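Chain residues, written in single-letter form:
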Amino acid sequence: FTPNWIVKYMVQNTVGRIYLDNNPYSDIKASMQYLVEPEEPTPSDAIFRFDDIHDLTCADLACGSGHILNECFDLLYQLYIEEGYSRKKAIEDIFKYNLTGVDLDTRAKQLAQFALLMKACQKDESFADAHCMPKVLDMPKVDKYTYVDTCGHFDCAYGLSSNQKIHDELTDAFMLMADAENLGSIMKFEISESTRDYMIKCIESYDAEPQFDNAFSILLHGYTLILTLTKKYAALVMNPPYMGAANMNKDLKEYLDSNYKEGKSDLMTAFMMKAMNYTKSNG
């Protein structure tokens, strides 16, 4: 529903602006048709600084079929090529480090992944084998017992151990995710750094030696979503869902009232609050 020029405008004035603030003499500026030039340069203390292009992270937490993600990919690819990366390495690193999408609709997630993979294949046909997939997530199908029933078996299988604090935080997170298909990306997780480190370690252990167990895959899907929705990004570019309070079901309305009191009148304003809280300083 968002015209292409508006998507380009949004991406160029977020991801593009950050890059130009760090590289003011870049030739990339000439290709940004919808970049708005301010009367005064961005103040030095308001610039998001990055030393590595991997840190120019961008997410759409309500990505639909991936319109905004595709424009982000196109711009990021240009930036990587300007930085001297090969086509293949640029695509792999964009998918690994820079670009993230989330949607509660599985079919939309599949369409977004497919569109990004086709973009990659246009640049380098070696990606046709899907050896490197874009990071687009949907909501895990969990019930409130998923974590409790599975975590111990997972820890034993990979020689991991979790303390009580980690266990309690993740149990609460999976209890909340039982309603993920209703709440989507506005879910708030109270996760400490030690719990984040534990989830990352679990994912790395599974990737190194996967066990073909469906319960483990659901567990890891949940971990990945929690990490994604508690991470801060250099740029969040979204056309969030719009829904007035009168059209919300009881559980959604109560969740917004408890967690997004200032933005509870519309789902869109709750998403804007989420975006402000998960954008890095000067992002």
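Structure's up top.
Because the structure is a prediction, the values reported are computed rather than measured. (Residues numbered from 1 in each chain as written. Predicted model: local features only at pLDDT ≥ 70, side-chain atom pairs only at ≥ 80, totals over all residues. Heavy atoms only, no water.)

Asks: Account for the sheet that holds strand 3 (residues 135-137), with residues named and values stated.
Replies: Reading across the sheet, the four strands line up as 3-2-1-4 and stay open at both edges, with parallel pairing between neighbours. Taken across any chain shown, the strands that pair with only one partner, and hence form the sheet edges, are strand 3 and strand 4 (235-236). Note: strand 1 (residues 58-60) against strand 2 (residues 99-102), three bridges, orientation parallel. In the sheet register, C58 faces strand 2, and the bridge partner there is L99. (Pairing = 2+ DSSP bridges. Helix = DSSP H or I, 4+ residues; strand = E, 2+ residues; numbered from the N terminus.)

Asks: I'd like a description of the packing of aromatic side chains, backed by residues and values.
Replies: By convention here, two paired aromatic rings are described through the distance between centres and the angle between planes. Tallied over the entire structure, the rule returns seven aromatic pairs. A ring pair is formed by F174 and Y223, whose centres lie 6.1 Å apart and whose planes are at 80 degrees; its orientation type is edge-to-face. Of this pair, F174 sits in helix 6 (residues 164-177) while Y223 sits in helix 9 (residues 214-229), placing them 49 residues apart in sequence. We note K188 situated over the ring of Y260; from NZ or CZ to the ring centre the distance is 4.4 Å. Cation over ring: K274 sits above Y278, and NZ or CZ is 4.4 Å from the ring centre. (Phe/Tyr/Trp six-rings, centres within 6.5 Å; stacked < 30°, edge-to-face > 60°. Lys NZ or Arg CZ within 6 Å of the ring centre and 35° of its normal.)

Asks: For helix 5 (residues 146-158), give the residues involved together with the corresponding values.
Replies: Every α-helix winds through 3.6 residues per turn, so residues three or four apart in the chain are directed the same way. For helix 5, spanning 13 residues, the distance from its first C-alpha to its last is 18 Å, which sits close to the expected 18 Å at 1.5 Å a residue. All of the buried residues in helix 5 are T146, Y147, T150, C151, F154, D155 and Y158. Along its buried surface, helix 5 packs onto helix 6, helix 8 (193-208) and helix 9. Taken from the residues just after helix 5, G159 is the one with a positive phi, measuring 65 degrees. (Expected span 1.5 Å × (residues − 1). Buried < 20%, exposed > 50% of the residue type's maximum accessible area, 1.4 Å probe, protein only. Contact = heavy atoms within 4.5 Å.)

Asks: Can you lay out the nonpolar core for me, pointing to particular residues and giving the numbers?
Replies: As a rule of thumb, nonpolar side chains are buried together in soluble globular proteins. Formed by 51 residues in total, the largest nonpolar core has its most connected members in I186, M187 and Y223. Those elements giving two or more residues to this core turn out to be helix 5, helix 6, helix 7 (180-183), helix 8, helix 9, helix 10 (250-259) and helix 11 (267-277). Broken down by element, this core gets its largest block of residues, eight residues, from helix 9. Discounting chain neighbours no more than four positions away, the residues touching M187 are M139, L176, M177, A180, L225, L229, Y255 and K274. Within the second largest apolar cluster, 40 residues are counted, among which are F48, I53, L56 and L116. (Core = buried A, V, L, I, M, F, W, Y, C linked by side-chain atoms within 4.5 Å.)

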